[in-house]
Each structure stands twice: as C-alpha cells, then as structure tokens.
Amino acid sequence: MRLIPKVALFIWLLYSSNMWAQIGESSSQKLVAVYPEESDELLLNPGVGFTTFQRFNGDELNEGTDWTEGFPIEYQDFDGKLETNDYPQTTIAYHRINWRFLETGPGLYDWGIIDKALRIAEQRGQTLMLRVSPYEGGDLKDVPSWYRKLTGEGKSDTLLSKKWRVNPENPEYLKYFGGLIEALGKKYDGHPHLEAVDISFIGYWGEGDGMHLLSDHVRVGLINKYLDNFKKTHLIFQPLNGDAPRPELLVRGTKIAAYWPDGTNNGEGSDMRHLGWRIDCLGDMGFWNDFSHMLDVYPQDIVRSGMKDAWKKAPIAMEICGTFLRWLEKEQYDEEVVNYIFEQALKWHVSTFNAKSSPVPSKWNPLVTEWLKKMGYRFVLRKFTYPSKVGQQGQIIISSWWENKGVAPIYRDYRLAIRLKGKKQTAVLFTSADIRNWLPGDVIFDEKLYVPIDVPPGEYRLELALVGSTDQIPRVKLANKGVNEEGWYPMGKILVTD
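Values in this document were obtained by computation on a predicted structure and should not be read as measured data.

### As for empty space enclosed by the protein
- If you walk through the whole model with that rule in mind, you get 2 cavities of 30 Å³ or more.
- In this structure, the largest cavity occupies an estimated 50 Å³ of space.
- Together, Ile199, Ser200, Phe201, Gly206, Glu207, Gly208, Met211, Phe237 and Gln238 line the largest cavity.
- Taken as a whole, the second largest cavity holds about 40 Å³ of empty space.
- Lining the second largest cavity, in full, are Thr51, Tyr94, Met129, Arg278, Ala317, Met318, Thr352, Phe353 and Asn354.
- Where the lining of the second largest cavity is concerned, the elements lending two or more residues are strand 12 (316-320) and strand 13 (352-354).
- A class-by-class count of the residues in the lining of the second largest cavity yields 5 nonpolar, 3 polar and 1 charged.

The structure is reproduced here in structure tokens:
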C-alpha cells in the first residue's frame, strides 16, 4: 500500500475543507447536483462541419461531377428554406475569387463583391471563409489585364513552374497582389461574419505550386502581407501539394516543408501568430498513377512541417478531392475506403470540410452524419453543481464537468454564461471560462459568481448557455437534451434570500 506523505495529505485536507466551507457559507443549504442527459443529435454549430462552395444554405447544388470557382458568385433566387437536398446544412460559406475581379485597376478595388457575399452569408446563418487567388488556368481566369499591360509580361513557357502565369519575382507582383491582400486585411480583419482567410501566394488557385522556388524576399514578403494585416481573423495556410518536390529534398539548405509557418517565423511573444492549415485533396486514394495524397503526401508533410499540433490554436480546413460523385464513379471507393478517409481527417483534427456543394450520395449519408458529429468540437455537459440557495449579493459557487467529444477546440471567443430567470427579473452572469482551451477530452471548470445587487429575493431558474462574445444570445448548442426555446439549458431552481 502506497502511503500519502503527511505534508501532502495535510495540504489536501486543508484545501478540501476550505473549499467546502466556502460552499457551505455560500449556500447554507445542500448542493444541487445535475447530470444532464446527453443527446446524439447532429448539431449545427458555428465554425464546424461542411461548407458550401460559391453557394449558400438553400441554394441548388452543382450538377454532375464538376463545380465552379474563381468567378464572382452567381446568386440564386432564395425561397426562404435553408435546407438543401443531398447536402448538410452548414454554418460556413466558402468563397474563392480571383484577383482580376477584385482589383479592376491599379489600386482600384471592387469591395462590393465581398460585401454582398458577407451579407448573404449572414442572412443564411453562415460566416464567410475567403480566398483570393492570383489566377487559375484559362484566359478568363488570368491575372488582371491591366497588370499584364503594366508589366509588359506576356504568357511565357519559360516560367519556373508550369502553374505560374506571371513571374512572381517581378517587383510589381509583390506590390500589387501583395497590396490587394494588405488592403483586404485593413478593410475586413476582425469582421464578425468573416470566418477565416485562406492564404494564397502563387500558382493556380493560389495553392502555392513552386513556392520553394521563390526568393526569401518574395516569399516572406507575401507571408507578411497576411500576418501584418490579419491580426484578428484566423488565417489558414495551404501546404505543399503533390506537384511540388517531395519534402525530403533540400532547397538552399532548408527542408521544403519548413516553408509552412511553424510557430518559429510568425512573430514572437505577444506578436506570435497561430496559423491553421488546409489541404485541398482529401480522399485522393490514387487519382494519379505516381502518388496518392492520402498515402504519400499528407501523413508525412503534416508531421515534417512542424504543424501537426497547429489544431490546438487554429482551425484545420479540408477540401474534397474532386467530388463525392467522382468518388462514386471509382470502384475502389466502397464504404470501407470512405470511412478510412473520414477517420484520417479526424486524426488530423479537421474542423471544416468543403465538399464543393456537390451532392452526397445517399448510401454514404450514415457515414457523413457520424463524421459530422465528431468534426471540430462537440461539448457535452456531464455534471453541474450549485447551491440550492444563496443570499443577496452572495456567492454562487458552481462546479462543472464537461467533455469535448469532437477532435478540436472551438476557435472563437464564446462565453459560458449563467442565467437567473425569475418571474419579474432576469440576470445573466458571465464566467471567466475560456472555452477555446477546451481540447478534446474531459474539462473541469469551477467558478465563484456573485448575485448582482439589483436581483431581489425570490425563486429563480438557473440556466446556462454558450453565448456570443458581445451579447447574451446562445450561439453554441450543447450535445445535451432539454434546451429551451431560447437556447438556454435549465439546471434547476435556486433561491435568493434576503
């Protein structure tokens, strides 16, 4: 039998007796212990789950196996219904637009395109995830025509990457494309309906092809346009893709994977920036003959880049390789393979998934539903205790046990609030909990709250909720039953005495 050292035992007893003495003084009555019932419901919560792509909740999906991107959104008529057949309802709308549509002339920006997308997203119960790409393939998705005229650059086959359309080492590229990012950040950083900005440098779709070929001046200059101008809105970063040389190779003495922001080149101290990352071909089990993203790229690069723990501070976003309908065309994509893909995404702590607003095959609906229940965060309140009564202006000492059954924390600053709801008066008390630190697993949170001076004696219903950072509106649903029509979770009654 292992004996507890006398000093340690004394300290524990002293702490324990003091804590319970305080509870006794606060309540003068018994503690109320509540064990809320868990719900298996699929929750629609902010910042997690599927995203729509160039569309919003309630819009018709892409037809066939293709999708649209890069152009301004073509807005559909809205009939008031947020549900879409064959696609989960979402809280995020992903918009990817090319440079040429936003900067109509040197330093002339058409912000109305983004303003409208933000406004429609809010109306459909969504926030906007945004990427501005420099260009794609095809004449209609080239760099701005004024930029070619200004620089005198033609379309060249001599560029170092086959997915470059202009020379990024031209000083005008950092000046103008980088200038667009700077202006974007100054206008929209911290916008309440901007979920995240997807960093884009060079290459088709801004996915960074050939990034290892850039000079340090250009590479760091482009990175800093984002870091210096987006200090409130989350940034997510595209990793190396399958067309880049493998990370084992050395470029100028530095491993290619080190070009990911890794916590060492994103500032220091209070200026440190935590970046999330995204991958754009989740589910590639062999679309190409020479490699597979799922087997030959992502598992290795996530570790070698130093970004495997980035999920603890910033969101991880993923995009489907092709579409679900393209998977359906391939014989190897049976239920076992699809489930393996979903499990890998959870292992990498995915919070959001862009399925490109393409239908989900009905036979995979059960897999998708269970996947969504684990994606991002999922908070269950296991136990909650509080005193049965308390004096005016007295202490309400609460104790709570939570479980995050998801694979990631929440990344926005929502607040845990307690509400005392009486027949004549209601008071909302805000706790000091920083739920952004509630990682997967068990969480214990205790707090001493004070009854406000203007709360009269009487019986109150004690309720709790996760509310907005600047309001008293419940924003995050718990995986618990019993929520009321206002979004609060009743715990029981408490008596305020005079």
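### Remarks on the packing of helix 9 (residues 335-347) against helix 10 (residues 365-374)
- Viewed as axis vectors pointing N to C, helix 9 and helix 10 meet at an angle of 10 degrees, and their least axial separation amounts to 11 Å. With respect to their mutual orientation, helix 9 and helix 10 come out roughly parallel. Here Glu335, Val338, Asn339, Phe342, Ala345 and Leu346 of helix 9 lie close against helix 10, whose contacting residues are Leu367, Val368, Trp371 and Lys374.
- Per-class residue counts for the contact of helix 9 with helix 10 are 7 nonpolar, 1 polar and 2 charged.

### Regarding the state of the cysteines
- On inspection of all chains with the given rule, the structure shows 1 disulfide.
- In this model, cysteine 281 is linked to cysteine 321 through a disulfide, with the two sulfur atoms separated by 1.8 Å. Of this pair, cysteine 281 sits in strand 11 (residues 276-282) while cysteine 321 sits in the loop between strand 12 and helix 8 (324-329), and the two are 40 residues apart along the sequence.
- Its relative accessible area of 7% is what places cysteine 281 among the buried residues.
- Residue class for cysteine 321 comes out buried when judged on its relative accessible area of 3%.

### Let's talk about the pairing of strand 8 (residues 234-237)
- Both faces of strand 8 are covered, namely the face carrying His234 and Ile236 and the face carrying Leu235 and Phe237.
- Inspection of the sheet shows strand 7 (residues 194-198) paired to strand 8 by 3 bridges, in the parallel sense. For aspartate 198, the partnering residue across the bridge sits in strand 8 and is isoleucine 236.
- Once you follow strand 7 into helix 6 (residues 216-227) and on to strand 8, the crossover reads as right-handed.
- Relative to strand 11, strand 8 runs parallel, the two being bridged by 2 bridges. When the sheet's bridge partners are listed, phenylalanine 237 is paired in strand 11 with tryptophan 277.

### A short note on the sheet that holds strand 14 (residues 379-387)
- What the 4 strands build is an open sheet, ordered 1-14-16-19; its pairing is antiparallel. One side of each edge strand has no neighbouring strand; the edge strands of this open sheet are strand 1 (31-34) and strand 19 (441-450). Adjacent strand axes in the sheet meet at a mean angle of 15 degrees, parallel and antiparallel pairs treated alike.
- As paired elements, strand 16 (residues 395-404) and strand 19 share 10 bridges and run antiparallel to each other. Bridge pairing links isoleucine 398 to glutamate 447 in strand 19.

Thresholds, definitions, all that
Residues numbered from 1 in each chain as written. Predicted model: local features only at pLDDT ≥ 70, side-chain atom pairs only at ≥ 80, totals over all residues. Heavy atoms only, no water. 1 Å grid on protein atoms, 1.4 Å probe; cavity = no way out; pocket = protein on both sides within 12 Å on 5 of 7 lines; lining within 4 Å. Points joined across faces, edges and corners; volume = space filled by probe spheres on them. Helix = DSSP H or I, 4+ residues; strand = E, 2+ residues; numbered from the N terminus. Nonpolar A, V, L, I, M, F, W, Y, C, P; charged D, E, K, R; others polar. Axes fitted to C-alpha atoms, helices over the stretch in contact; angles between N-to-C directions. Parallel < 35°, antiparallel > 145°, perpendicular 65-115°, else oblique. Contact = heavy atoms within 4.5 Å. Disulfide = S-S within 2.5 Å. Buried < 20%, exposed > 50% of the residue type's maximum accessible area, 1.4 Å probe, protein only. Pairing = 2+ DSSP bridges. Right-handed = clockwise from strand over helix to strand, strands pointing away.

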